[in-house]
Amino acid sequence: MKTISLMIDGKIYSGNENQSVLDVAIENGVFIPHLCHDPRLEAYGGCRMCIVEIEGMRGMVTSCTVKIKEGMKVVTNNELLNRHRVMILKFLLASHPNECMTCNKSGDCKLQDLAYHYKIENISPLQKEERSFPLTKDNPLIELDRNKCITCGKCVRICNEVVQRDVWAFAKRGINTVVTTPMYRSMEESGCEFCGQCVSACPTGALTEKASKGKGRLSDMKRVRTTCSYCGTGCNFYLNAKDNKVVKVTSCFEGPVNQGNLCVKGRFGYEFINSPDRIMKPMIRKNGKLEEVEYQEAIDYTARKFLELKKKYGPDSLGGFSSSRCTNEENYVTAKLVRAVFGTNNIDNCARVCHAPSVAGLSACFGSGAATNSFDQIEDADVLFITGSNTTEAHPIVSLKVKKALRNGAKIIVADPRKIELAYKAEIWLDLRPGTNIALLNGMMNVILKEGLQNDKFVKDRTEGYDAFVKVVSKYTPEYAEKITGVDRNKIIEAARLYAKAEKASILYSLGMTEHNTGTLNVMSMGNLAMLCGQVGRRSTGVNPLRGQNNVQGACDMGALPNVFSGYQKVDDPAIRAKFEKFWGVKLPETKGMQSTKMIEAAHEGKLKGLFILGEDPAHTDPNISLVKESLEKLEFLVVQELFHTKTTELAHVVFPAASFAECNGTFTNGERRIQLVMKAIPPLPGRENWQTICDISTAMGYPMYYNNAFEIMEEVAAVSPMFAGITFERLKEKGLQWPIPDRKHPGTCTMYEKAFNFPSGLGKFNAIEHKDPIEMPDKEYPYTLITGRRREHYNNGSMTRRSNGIMEIWPEETLEISPSDAKKLVITDGEYVNLISRRGKVKIKARVTEKAREGRFFTSFHYIKTLTNLVTNSVFDPMAGTPEYKACAVKVEKI
């Protein structure tokens, strides 16, 4: 991008050709007032506050709308400019209420700041014309006070340009102009997803958050930048705390991933932090009941019981589940506890039940099991192939980048068995039968090969295994693929051409691809498609998993897996093991451990005797939870460290309280491999951070494990893991770092495989893959397929989001999505309660009749403790990754 020099107020500055005068001024700390500018929005020039004089241009111009030019001379501050700015402010203040003493926005109001800056003590010669609109309180999260609105349009524009929901619009004229919803309906009726982008954009107190009202002003609060603890996008925001309570979340516009944007969970889902339901003290089960005890008693008891089981049954009778919700540092010490102290490699995390096929499948293709590209590259792609991802609900901030790509002219292909929101925006929607992903991809690749659209140079220079792959794909003609997938052959041909002909095509996928018995093979198939067309190793291309939990990438990176140490160093490699033995000072087990789903089976068989679980709830979130409960009940000793009581803590012999992300220092790694800081906003409510409890258990078991803080743990990770060698606390402060980071001068890696793949040969590997049906297909007795997934408003087992009163008002209970044709056939009405039944169990659930569901397919989530969806899901697994087939099981529905 071309660099341009210009003069602002007599000083030379530089910027790029796409920047405005205001952009360069802000970047260099030059004050130009503004009210309608937002870096997330297109230039508008509506407020007129950013006026400047530019040599050679007539009159005063808005600096936000003028692109910089070489040699431009700009004046930002003189008597004429300031006189106009003062008059603009007086016009705004003439109709603005004088409520600064009680307004929640006071101290964070741009109108107030500018009135102070320009010393406006009265509005003379104007007269006060205050408005008297009633407050709009039609929802539980956001309050609208039109009397404080200055009609800057930022809320309207951000909802239109960025979120693309069109909830807000202008109505009426002149002083009576108001921001309103279409036809003055409620925000919810208008399609609002309650992301709060409008709240973050509003420069005054017109749009505010309800829950934080009256709990203090920002100037009274401690403000700490941190990383979100929900999905794997890795949004940054500020936690605002007062009296050791988190009372508000505000946008961090410097966040490298989200630039200030947040979803409903990130912005409003913080109330769990100070919930009265939190576990605050350790508990030991005595006479069948959990009773509170002091830490030392619980630690000593835990250490003694684990040592007894180890001595009696051997190290492999023990195991540990680490957590994708916890920090990298907590995952590292948990893996160290299991390996160095328990003496086994039976360590895993909940990536096993979601994205383990991503690690296995991408490793098989490219040599490393993570996203190839960065989120910011999405908006520059020509074609986006989105498969198995309901992006707008599961990863709302990533979906904003998809929507921006659409505004930039990109075309999208959506492959999904439901008519999700992005299907309406897609150039092509591939409505495939659940579990037929391989046949669809092979069908597309068959077309590409038949029409000669493959990238022969890339295939020849950078891959191997091509001939065997071509042989398998050759039989998947569009007609054959149509029979398997149900997708019209012409759509398959059209999608193949669109993807293959693009200069920059990127694949985005999520659990709809991985949670199948063919999950790993599905991921390999996507790798095949990308390599066939040369769509990997460059910006805005690649194969990119959208990770489900905040640190599912990091938990794997830190070695909370049964086959690798931190940095994916193999436990059965003698040289690697010797390095860790020297560093940890203990003999380590030589063989791979059990996956978490295998540990559940081993517990049921009586082979696993003791289990430590950090921040996971398998009795709620694993498939076929009746069997899971039986397995956990058979354990001789179960220890759980958790924020709240769950279905799993109900079965525990010892429960340790956990500290939330707001009470811990450390790091999370998001879905684009970006390691970012997590910083403590309040002291740990249970008195200690999670890694301290884990270290104390280790020490009590005879292996002293001491660190002064979490960052010392990350220093150890960097010391033993070459791919993280360049990490330091200081280097992570601004934008984090994307691994691999081999040394302290390395800038991090935005795009993987630009020169070579991560194999000794440097070549990517094609894999010849055949279609396989889901394990359990619909039949006469169970004629429907159940697909499970996520809701925008909730997260995992719902223990955090269910503590947000506003979120629970918006989405208070689970529903079963049924197509209108199936509802008519079953004589089921919208809102009616039904029994959802499989071969494993049944659950009572409210029916929701919707066009989103397709005939023969039902959909629901697993977030609600009162609707345990996993009573009916099937405990069958991907044989390579051990991931359950949550996305396809046979069910029936009965009226109650």
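Structure: see above.
This one's a predicted model, so the numbers in the text were calculated from it and none came from an experiment.

The rules behind the values
- Residues numbered from 1 in each chain as written.
- Predicted model: local features only at pLDDT ≥ 70, side-chain atom pairs only at ≥ 80, totals over all residues.
- Heavy atoms only, no water.
- Helix = DSSP H or I, 4+ residues; strand = E, 2+ residues; numbered from the N terminus.
- Rg over C-alpha atoms; globule rule 2.2 N^0.38 Å.
- Buried < 20%, exposed > 50% of the residue type's maximum accessible area, 1.4 Å probe, protein only.
- Polar contact = N/O pair within 3.5 Å; in protein donor to acceptor, adjacent residues only side chain to side chain.
- Contact = heavy atoms within 4.5 Å.
- Core = buried A, V, L, I, M, F, W, Y, C linked by side-chain atoms within 4.5 Å.
- Pairing = 2+ DSSP bridges.
- Phe/Tyr/Trp six-rings, centres within 6.5 Å; stacked < 30°, edge-to-face > 60°.
- Arc of directions from axis to C-beta.
- 1 Å grid on protein atoms, 1.4 Å probe; cavity = no way out; pocket = protein on both sides within 12 Å on 5 of 7 lines; lining within 4 Å.
- Points joined across faces, edges and corners; volume = space filled by probe spheres on them.
- Nonpolar A, V, L, I, M, F, W, Y, C, P; charged D, E, K, R; others polar.
- Axes fitted to C-alpha atoms, helices over the stretch in contact; angles between N-to-C directions.
- Parallel < 35°, antiparallel > 145°, perpendicular 65-115°, else oblique.
- Left-handed = near helix turned anticlockwise from the far one by under 90°.
- Salt bridge = Lys/Arg side-chain N within 4 Å of Asp/Glu carboxyl O.

**Q** So what's going on with the overall build of the protein? Residues and values would help.
**A** A tally of regular secondary structure across the protein gives 29 helices and 37 strands. The C-alpha radius of gyration of the protein comes to 28 Å, within 12% of the 29 Å expected for a compact globule of 896 residues. For the protein, the spread of C-alpha atoms along the principal axes amounts to about 90 × 70 × 65 Å. Going through the 896 residues of the protein one by one, you find that 64% of them count as buried.

**Q** Summarise the side chain of T850; cite the residues concerned and give the values.
**A** Along the polypeptide, T850 turns up in the loop between strand 35 (842–849) and strand 36 (857–861). Look at T850 and you get buried, because its relative accessible area is 14%. A polar side-chain atom of T850 sits 3.0 Å from the main-chain amide nitrogen of K852. Ignoring any residue separated from it by four or fewer positions in sequence, one finds T850 in contact with E817, I818, S819 and P820.

**Q** A description of the nonpolar core should follow, citing residues and the corresponding values.
**A** With 109 residues, the main nonpolar core has F385, L430, Y499 and L529 as its most contacted residues. Residue contributions to this core peak at 8 residues, all from helix 8 (residues 328–342). The contacts of L529, once residues within four sequence positions are left out, are F385, L441, M444, M445, I448, Y499 and I507. Grouped together as the second largest cluster of nonpolar side chains are 30 residues, V249, F661, Y795 and M800 included.

**Q** Talk me through the sheet that holds strand 5 (residues 73–75); I want residue IDs and the actual numbers.
**A** Overall, mixed pairing links the 5 strands, which are arranged 2-1-5-3-4 in an open sheet. In this open sheet, the two strands that pair with only one neighbour each are strand 2 (11–16) and strand 4 (61–62). Strand direction decides the pairing type here: strand 1 (residues 3–8) and strand 5, joined by 2 bridges, are parallel. What sits directly across from I8, in strand 5, is V74.

**Q** Explain the pairing of strand 34 (residues 833–837) to me, using residue names and the numbers behind them.
**A** Each regular strand displays side chains that alternate between the two surfaces of the sheet. Here strand 34 lies mainly inside the structure; 4 of its 5 residues are buried. Of the pairings in the sheet, the one linking strand 34 to strand 35 comprises 5 bridges and is antiparallel in character. Bridging across to strand 35, N835 finds its partner in K844. Counted between consecutive antiparallel strands, the loop separating strand 34 from strand 35 contains 4 residues. Bridge count between strand 34 and strand 37 (residues 889–895): 4 bridges; the pairing is antiparallel. If you follow N835 over to strand 37, its bridge partner there is E894.

**Q** Account for the packing of aromatic side chains, naming residues and giving values.
**A** Taken as a whole, this structure holds 24 aromatic pairs when the rule is applied. Measuring from ring centre to ring centre gives 6.1 Å for Y332 and W584, while their planes differ by 75 degrees; the resulting arrangement is edge-to-face. You can see Y332 sitting in helix 8 and its partner W584 sitting in helix 21 (residues 574–584), a full 252 residues away along the chain. Since its relative accessible area comes to 2%, Y332 is described here as buried. A centroid spacing of 5.3 Å and a plane angle of 55 degrees characterise the contact between Y476 and Y480, whose relative ring orientation is tilted. Take Y476: its relative accessible area is 1%, and that puts it in the buried class. Looking at Y480, the relative accessible area reads 32%, which means it is partly exposed. Connected via pairs of aromatic rings, a cluster forms that spans Y230, F237, F272, F661 and Y795.

**Q** Explain helix 15 (residues 466–473) residue by residue, including any values.
**A** Three or more residues of helix 15 are buried, namely F469, V472 and V473. The arc enclosing the buried residues of helix 15, seen along the axis, measures out at 95 degrees, which places them on a common side. Exposed residues on helix 15 whose side chains face more than 90 degrees from its buried face are D467 and K471. The inward-facing, buried residues of helix 15 contact helix 13 (437–450) and helix 19 (519–532).

**Q** Help me get a handle on the environment of E99, residues and values and all.
**A** Mapped onto the elements of the fold, E99 is located in the loop between helix 2 (79–94) and helix 3 (110–117). Each C-alpha atom of the pair E99 and G205 lies 9.8 Å from the other, and the pair is 106 residues apart in sequence. Beyond its immediate stretch of four places on either side in the chain, E99 contacts D145 and K148.

**Q** For the pairing of strand 2, give the residues involved together with the corresponding values.
**A** Where strand 1 meets strand 2, 6 bridges bridge the pair, whose relative direction is antiparallel. Paired with I4 across the strands is G15, a residue of strand 2. Hairpin connection, strand 1 to strand 2: the antiparallel pair is bridged by 2 residues, and D9 has positive phi, about 50 degrees.

**Q** Provide a residue-level description of the environment of G255, including the pertinent values.
**A** Tracing the backbone shows G255 in the loop between strand 12 (245–251) and helix 6 (264–268). For the pair G255 and L6, spaced 249 residues apart in sequence, the C-alpha separation works out to 28 Å. For G255, the contacting residues outside a window of four places in its chain are R225 and N236.

**Q** Describe unusual backbone geometry, and please don't skip the residues or the numbers.
**A** That bond from S124 to P125 is cis: its omega, 15 degrees, falls within 30 degrees of zero. Along the chain, the position of P125 falls in the loop between helix 3 and strand 6 (142–144). Here the residue pair W739 and P740 is connected by a cis peptide bond, since its omega of 5 degrees sits within 30 degrees of zero. Mapped onto the secondary structure, P740 falls in the loop between strand 30 (737–738) and strand 31 (764–765). Even without a glycine there, the phi angle at D243 is positive, about 55 degrees. Inspection of the secondary structure assignment puts D243 in the loop between strand 11 (236–242) and strand 12. For D243, a relative accessible area of 67% corresponds to the exposed category.

**Q** Give me the lowdown on the layout of surface pockets, citing residues and values where you can.
**A** Unoccupied space between atoms shows up once a probe the size of one water molecule is rolled over them. Taken as a whole, the second largest pocket encloses approximately 1,100 Å³ of empty space. Considering the residues around the second largest pocket, the lining is formed by 36 residues, among which V359, S363, G367, G369 and Y568 are closest to the centre. Residue assignment for the lining of the second largest pocket shows that the elements contributing at least two residues are helix 9 (356–366) and helix 19. For the lining of the second largest pocket, the element with the highest residue contribution is helix 9, accounting for 5 residues. Here the residues of the lining of the second largest pocket sort into 18 nonpolar, 12 polar and 6 charged.

**Q** Mind laying out empty space enclosed by the protein, listing which residues take part and the relevant values?
**A** The full count for this structure, using the stated rule, is 12 cavities of 30 Å³ or more. There is about 330 Å³ of room inside the largest cavity. Broken down by secondary-structure element, the contributors of at least two residues to the lining of the largest cavity are helix 10 (391–394), helix 18 (511–514) and strand 32 (784–789). The biggest single contributor to the lining of the largest cavity is strand 32, with 3 residues.

**Q** Break down the sheet that holds strand 10 (residues 222–227) for me, citing the residues and quoting the values.
**A** Judged by pairing direction, the sheet is antiparallel, and its 3 strands sit side by side in the order 10-11-12 without closing on themselves. Two strands close off the open sheet at either side, each with one partner strand: strand 10 and strand 12. Taking the axes of each pair of neighbouring strands and ignoring which way they run, one obtains an average angle of 35 degrees across the sheet. In this sheet, strand 11 lies alongside strand 10 in antiparallel orientation, the contact comprising 6 bridges. Bridging from a neighbouring strand, T226 pairs with F237 of strand 11.

**Q** Report on the packing of helix 13 against helix 17 (residues 489–501), specifying residues and quantitative values.
**A** Contact pair helix 13 / helix 17: the axes reach a minimum separation of 8 Å and the direction vectors enclose 65 degrees. The angle between helix 13 and helix 17 places the two elements in the roughly perpendicular class. By crossing handedness, the relation of helix 13 to helix 17 is classed as right-handed. Contacts between helix 13 and helix 17 involve L440, G443, M444, V447 and I448 from the first element and I492, I493, A495, A496, Y499 and A500 from the second. Within the contact of helix 13 with helix 17, the residues separate by chemical class into 10 nonpolar, 1 polar and no charged.

**Q** Can you break down the pattern of salt bridges residue by residue, with the values?
**A** Oppositely charged side chains can form a pair if their charged atoms are brought close together. Summed over the entire model, instances satisfying the criterion amount to 51 salt bridges. In this structure, the salt-bridge partner of E590 is K587, at a minimum N-O distance of 4.0 Å. Within this structure, R165, E193, K403, E421 and R792 form a network of salt bridges that share partners.

Distances and angles like these do not, on their own, reveal function.
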